[in-house]
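Structural overview for review
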Amino acid sequence: MAHLQLTALAGGADDEMEEVALLGSYDVEAGAVDEEAGMRRVQVRVAGMTCSACTGAVEAALSARRGVRRAAVSLLQNRAHVVFDPELAKDEDIVEAIEDAGFEAEILPDSTVSQPKSQKTLSGQFRIGGMTCAACVNSVEGILQKLPGVKRAVVALATSLGEVEYDPSAISKDEIVQAIEDAGFDAALLQSSEQDKVLLSVSGLHTEGDVDVLHDILKKIEGLRQFGVNFANSEVEIVFDPEVVGLRQIVDTIEMESSDRLKAHVQNPYLRAASNDAQEASKTLHLLRTSLLLSIPVFFIRMVCPHIPLVSSSLLMHFGPFRIGDLLKWILVSVVQFIVGKRFYVAAYRALRHGSTNMDVLVVIGTTASYVYSVCALLYGAFSGFHPPIYFETSAMIITFVLFGKYLEVLAKGKTSDAIKKLVELAPATALLLMKDKGKYLGEKEIDASLVQPGDALKVLPGSKIPADGFVIWGTSHVNESMVTGESVPISKEISSPVIGGTMNLHGVLHIQATKVGSGTVLSQIISLVETAQMSKAPIQKFADYVASIFVPIVITLSLLTFLAWFLCGWLGAYPNSWSAETSNCFVFSLMFSISVVVIACPCALGLATPTAVMVATGVGANHGVLVKGGDALERAQNVQYVIFDKTGTLTQGKATVTTAKVFSGMDLGEFLTLVASAEASSEHPLAKAILDHAFHFHFFGKLPSEKESIKKRKEEILSQWLLDVADFSALPGKGIQCWINGKKILVGNRALITENGVNIPDEAEHFLVDMELSAKTGILVAYDDGFIGLIGITDPLKREAAVVVQGLKKMGVHPVMVTGDNWRTAQAVAKEVGIEDVRAEVMPAGKADVIRSLQKDGSVVAMVGDGINDSPALAAADVGMAIGAGTDIAIEAADYVLVRNNLEDVITAIDLSRKTFSRIRWNYFFAMAYNVVAIPIAAGALFPFTGVQMPPWLAGACMAFSSVSVVCSSLLLRRYTKPRLTTVLQITVE
């Protein structure tokens, strides 16, 4: 997730104290990032996994491969995420490792939607024309090395080539070319070290001749490194250099060069995955229908026909040595056993070949034992004349019920990923591109939304979705952003307003300029985050994985013990012969109990208990604007005992405004404000902006034009002429600023800054300052020419919901704490207003992490809620970090939760969702364990001596099939989750 960056929001006093890099003080995380730098990440579709034992086998096979750093396998998504060293292993090695473990594997093509690229240095090769001597070379090298973002530049005169290493996030290849041309040389990019892989579906590929035409077109495209055409699926996989050629250019070239005979479209990997899921469901349904069609006649011959005299006598007739009824059952069941049931044999063989066991092994043992016994009994009866009972219907019905359960499971598991499907569907399929040439409007063209490039001008009609992140360049409208941010009120948009891809334009026509496309958009980041969370394993799942690894051997042992116990007791006459009379002998009687034990045991329910619930919960959270980073974060949040709030921008609105300005010298108020505004104009701190705005409105209110754009231009003109010249400006973190105006030193900041510089604060000013701080205002003191001249009072209003949320957390048994860099009086006044008793004031940003560690000493689980600007060390140190109001650039590197909306109610939602999810997981485990603990003894015949009822093996198979389905359906109940109302949490009755 290294591509997700923090965005500074309007903050307060805390922000000036220390500028902390996102992971600047968190060595463990930084080390992890460095360790995986230069690694290749691939997603692999894995087919054939049925339970958590299978995922363990795949993970073990991948981890054993040389060069593989990390592997995570998801049973529900049938997908593996693998991080490996490309110098030690290749994609083919990853596929081979999975296939050797007995599963089918396919590397998924990199997606411009789903594959976030980490920020990295690119190496570009440029052709430079016009160089004649070494002086030219030195000139070009010198220019290139001075460019921001350029790490290294080497130019060769003999070849007229230059190689430049640059950071694409800081400078583009076009800017490098422009810099060279500005120096008087010709320049063009030949190739770069960057590459993208994408899968295109091509319509119009009907003959081998069409394939040859496509080959010829692709060979001529510069920047296209390699391609492979799949004629059967009408697909072409291409690897290209995005610095040289764009995806839209490739698609347009294919269409133009083929005279519109061939049309290329970018394949969405999520739609492809959905298609694979649909194929799996369709294949399972086909097998189920076949099995059911063949099993029903077998069941009727065994259970119904003996009670119909005419039919019964016909079935008892002989065809050679065999009875017609027995022969029919043998033929029908053989098809079910070996053709329909082939998938179970293949999966069981693969598992056993690699020393692991799964549900397929149990199904194969149970059905094969029943089938082999029945065949032996049939042959014995045919050649001896004594016909023992046969149980062909047992194996057929077991396979039918297991397939039925599998089909329901596939459908139910598909429902758990509905959240990602809904997010993917938010992105529009097409976009209206405004075609321009040197600023002149040429027309509109409808293009595939995946072909939008940064810088494109796009037209968005009323009622249509915005195709990419960007900003408005023309028009006004309101946009519904609830589908992405959860904010229900439509947001007004005008020129320069930012817009989010996937949101709905409601009223007016907008022209926007795309700034982020593909994996850079907010929607893609949310999808990527949810997908990563669903791939992660909650710690509680380790228990299920361990049980699954030993479950099948234990069940087989219990089955053998069941057989031996009943058989030996019957042989020794420990129970009456009447018990086994129906099955003719104690061997068959014991065998039926043994088969029932094997078939009724279900390891799948245990394996599905956690991942299905986590998958549904992360999706539900995303729909409510609460993004969870993983199952481990979800598990920790349920036990939160302390919630630490940053004050500025978290409990408060982060919109500082000046409420008081008082002069304590003979200076005029207007002159005082001009002096302070001039000093603060060079500062980027939100409090400085508030002072500058207040001074500007004091002097120029009523003298500005009415239109917004005109106000902005006029304000810039006034500021450049009105403010005084400043020299030697310096910001003092945690204290304020100092500079020189008119040759005299000016200090603007807190009490510590003024007193450190030997300036006395008059008693009148001190009393005034204390009164302000007691009313939750921050006092800014000003000294000029070594004398105290005045102070300014600034307030940052509390969020409307702050007090109610704090009260709600207390009702939930969570202890709220406020940590701030502000002074003690202001901090205590704010804390009193919101109802927080535990306050830590005058704490530097780096010290917030120490506060968290002190609370963690007794084993308490601590959550930190911050705006993600200077709170990243604390967010990383907390057990559960929550970045709130992160806006469009989601700050998730240090946080475990991202609360998209700037609303504190989502803190309660995050904790409540975690508690509800793990309550559901515990129920799932209880049901899965209780099912096996109760069902296995019943199948083994524990109740038979008292009831005389024996569970048929086919009924045991039905029970096994429905147990895993019921666990998935239990997890699906989380889809009905609704955010807790504060009135409910606080037990308030609204009349």
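The shown structure was predicted, so the numbers you read here are calculated from the model rather than taken from an experiment.

1. So, the overall build of the protein
Looking only at helices and strands, the protein has 34 helices and 36 strands in total. Looking at the protein residue by residue over its 991 residues, the buried ones come to 53%. Here the analysis covers contacts within the protein between residues at least 6 apart in sequence; of these, 71% occur between residues at least 24 apart.

2. Details of the sheet that holds strand S6 (residues 150-156)
Backbone hydrogen bonds hold the strands of a sheet together, and the pairing may be parallel or antiparallel. Taken together, four strands build an open sheet; the order of strands is S6-S7-S5-S8 and the sheet is antiparallel. If you trace the sheet from one side to the other, it starts and ends with S6 and strand S8 (186-192), each paired once. Ignoring which end each strand starts from, the neighbouring axes of this sheet average 25 degrees apart. In this fold helix H4 (residues 134-146) packs onto strand S5 (122-129), S6 and strand S7 (161-166), with an angle of close to 165 degrees to the strand it touches most, S6. Taken strand by strand, helix H5 (residues 173-182) contacts S5, S7 and S8, and its axis lies near 150 degrees from that of S8.

3. Focus: the sheet that holds strand S19 (residues 477-480)
Within the open sheet, the three strands sit side by side as S20-S19-S22. Their pairing is antiparallel. Of all strands in the sheet, those bounded by a partner on one side alone are strand S20 (491-493) and strand S22 (504-505). As paired elements, S19 and S20 share three bridges and run antiparallel to each other. The partner of Ser477 across the bridge, within S20, is Lys493.

4. Considerations on the pattern of salt bridges
Considering all chains together, one arrives at 26 salt bridges under this definition. Among the salt bridges present, the one from Asp326 reaches Lys329, with a minimum N-O distance of 4.0 Å. Taken together, the residues Asp326 and Lys329, both in helix H10 (residues 324-340) and three residues apart, mark about one turn of the helix. On the basis of relative accessible area, Asp326 is assigned to the buried category, the value being 12%. On the basis of relative accessible area, Lys329 is assigned to the buried category, the value being 5%.

5. Focus: the packing of aromatic side chains
Counted by the stated rule, this structure contains 20 aromatic pairs. Look at Phe338 and Tyr371: their rings are 5.1 Å apart centre to centre, the planes differ by 90 degrees, and that puts the pair in the edge-to-face class. Of this pair, Phe338 sits in helix H10 while Tyr371 sits in helix H12 (residues 359-384), and the two are 33 residues apart along the sequence. For Phe338, a relative accessible area of 43% puts it in the partly exposed group. Residue Tyr371 is classed as buried on the basis of its relative accessible area of 10%. Relative to Phe593, the ring of Phe589 has its centre 5.0 Å away and its plane inclined at 80 degrees; by these criteria the two rings are edge-to-face. With Phe589 and Phe593 both in helix H18 (residues 586-600) and four residues apart, this pair spans about one turn of that helix. Owing to a relative accessible area of 1%, Phe593 belongs among the buried residues under this scheme. The structure contains a cluster of three or more aromatic residues connected by ring pairs, namely Trp566, Tyr575, Trp579, Phe589, Phe593 and Phe944. The ring centre of Phe664 lies 5.7 Å from the NZ or CZ of Lys662, which sits over that ring. The ring centre of Phe768 lies 5.6 Å from the NZ or CZ of Lys662, which sits over that ring.

6. So, the nonpolar core
Val643, Tyr897 and Val907 are the most contacted members of the largest nonpolar core, which totals 147 residues. The residues contacting Val643, other than those within four sequence positions of it, are Leu809, Val814, His815, Pro816, Val817, Ala863, Val865, Val907 and Ile911. In this structure, Leu673, Ala690, Phe696 and Ile780 belong to the second largest nonpolar core, which totals 29 residues.

7. Digging into the UniProt feature "transmembrane region" (unreviewed entry) in the protein
In the numbering used here, UniProt assigns the feature "transmembrane region" (unreviewed entry) to residues 330-349, 361-383, 389-408, 543-567, 587-609, 925-948 and 954-974. A distance of 35 Å separates the end C-alpha atoms of residues 543-567, which is 100% helix and 0% strand. Annotated as 87% helix and 0% strand, the span residues 587-609 places its first and last C-alpha atoms 37 Å apart.

8. Remarks on the pairing of S19
Here S19 pairs with S22 via two bridges, running antiparallel. Within S22, the residue paired with Asn480 across the bridge is Met504.

9. A few points about the packing of H12 against helix H17 (residues 541-571)
Relative to each other, H12 and H17 sit at 20 degrees, their axes nearing to 9 Å. Of the possible angle classes, the one that applies to H12 and H17 is roughly parallel. Regarding H12 and H17, the two cross each other, and that crossing is right-handed. Residue-level contacts link Val361, Leu362 and Ile365 of H12 to Val552, Val555 and Ile556 of H17. Classifying every residue of the contact of H12 with H17 gives six nonpolar, no polar and no charged.

10. Things to note about helix H3 (residues 91-100)
Regarding H3, the residues found buried are Asp91, Ile94, Val95, Ala97 and Ile98. All buried residues of H3 lie within an arc of 160 degrees about the axis, which places them on one face of the element. Note on H3: the residue one or two positions beyond its end, Gly102, has a positive phi of about 100 degrees.

11. A closer look at the environment of Trp954
One can find Trp954 in helix H33 (residues 953-972). Put simply, Trp954 and Ile398 are 556 residues apart on the chain and 4.8 Å apart in space, counted from C-alpha to C-alpha.

12. Topic: unusual backbone geometry
Phi at Ser259 is positive, roughly 55 degrees, even though this residue is not glycine. One non-glycine residue, Glu842, lies in positive phi territory at about 55 degrees.

13. Remarks on the environment of Leu673
Residue position: Leu673 is located in helix H22 (residues 669-680). Along the primary structure Leu673 and His699 are separated by 26 residues, whereas in three dimensions their C-alpha atoms are 9.0 Å apart. Among residues more than four places away in sequence, those in contact with Leu673 are Ala661, His694, Ala695 and Phe698.

14. Section: the pairing of strand S27 (residues 727-732)
Where S27 meets strand S28 (residues 736-741), four bridges bridge the pair, whose relative direction is antiparallel. Within S28, the residue paired with Leu732 across the bridge is Gly736. Hairpin connection of S27 to S28: three residues between the antiparallel strands, including Gly734 at a positive phi of 85 degrees.

15. Thoughts on helix H28 (residues 824-834)
Within H28 the residues assigned to the buried category are Thr826, Ala827, Ala829, Val830, Ala831 and Val834. Buried-residue contacts for H28 involve helix H21 (647-651), helix H26 (763-774), strand S30 (778-784), helix H27 (802-811), strand S32 (815-819) and strand S33 (838-840). Backbone geometry just after H28 places Gly835 at a positive phi near 95 degrees.

16. Structural notes on the side chain of Ser374
One can find Ser374 in helix H12. With sequence-adjacent residues up to four places away left out, Ser374 is seen in contact with Ile390, Tyr391 and Phe392.

17. Overview of the environment of Ser528
Considering the arrangement of structural elements, one finds Ser528 in helix H16 (residues 522-535). With 108 residues separating them along the chain, Ser528 and Ile420 place their C-alpha atoms 9.2 Å apart.

18. What to know about the packing of H10 against H12
Interaxial distance between H10 and H12 falls to 11 Å at its minimum, and their mutual angle equals 155 degrees. For the element pair H10 / H12, the angle class is roughly antiparallel. For the element pair H10 and H12, the recorded crossing hand is left-handed. Together, Asp326, Trp330, Val333, Ser334, Gln337 and Phe338 of H10 and Thr367, Thr368, Tyr371, Val375, Leu378 and Leu379 of H12 make up the contact between the two elements. A breakdown of the residues in the contact of H10 with H12 according to their chemical character gives seven nonpolar, four polar and one charged.

19. Structural notes on a nonpolar patch on the surface
Judged by side-chain polarity, Tyr546, Ile550, Ile554, Leu558, Leu561, Leu564, Leu568, Trp571 and Leu572 come together as a nonpolar surface patch covering roughly 940 Å² of accessible area. Its place among the elements puts Leu561 in helix H17.

20. Brief notes about the state of the cysteines
Throughout the structure, instances matching the rule amount to zero disulfides. A disulfide-free cysteine, Cys569 has its sulfur positioned 9.9 Å from the sulfur of Cys586, the nearest such atom. Taking relative accessible area as the criterion, Cys569 reaches 35% and is therefore assigned partly exposed.

Scoring rules and cut-offs
- Residues numbered from 1 in each chain as written.
- Predicted model: local features only at pLDDT ≥ 70, side-chain atom pairs only at ≥ 80, totals over all residues.
- Heavy atoms only, no water.
- Helix = DSSP H or I, 4+ residues; strand = E, 2+ residues; numbered from the N terminus.
- Buried < 20%, exposed > 50% of the residue type's maximum accessible area, 1.4 Å probe, protein only.
- Contact = heavy atoms within 4.5 Å.
- Pairing = 2+ DSSP bridges.
- Axes fitted to C-alpha atoms, helices over the stretch in contact; angles between N-to-C directions.
- Salt bridge = Lys/Arg side-chain N within 4 Å of Asp/Glu carboxyl O.
- Phe/Tyr/Trp six-rings, centres within 6.5 Å; stacked < 30°, edge-to-face > 60°.
- Lys NZ or Arg CZ within 6 Å of the ring centre and 35° of its normal.
- Core = buried A, V, L, I, M, F, W, Y, C linked by side-chain atoms within 4.5 Å.
- UniProt positions renumbered as here; feature names shortened; annotations may be inferred.
- Parallel < 35°, antiparallel > 145°, perpendicular 65-115°, else oblique.
- Left-handed = near helix turned anticlockwise from the far one by under 90°.
- Nonpolar A, V, L, I, M, F, W, Y, C, P; charged D, E, K, R; others polar.
- Arc of directions from axis to C-beta.
- Patch = residues over 30% accessible without salt bridge, like charges linked within 9 Å, V, L, I, M, F, W, Y side chains within 5 Å.
- Areas by Shrake-Rupley, 256 points an atom, 1.4 Å probe, with all protein chains shown as cover.
- Disulfide = S-S within 2.5 Å.

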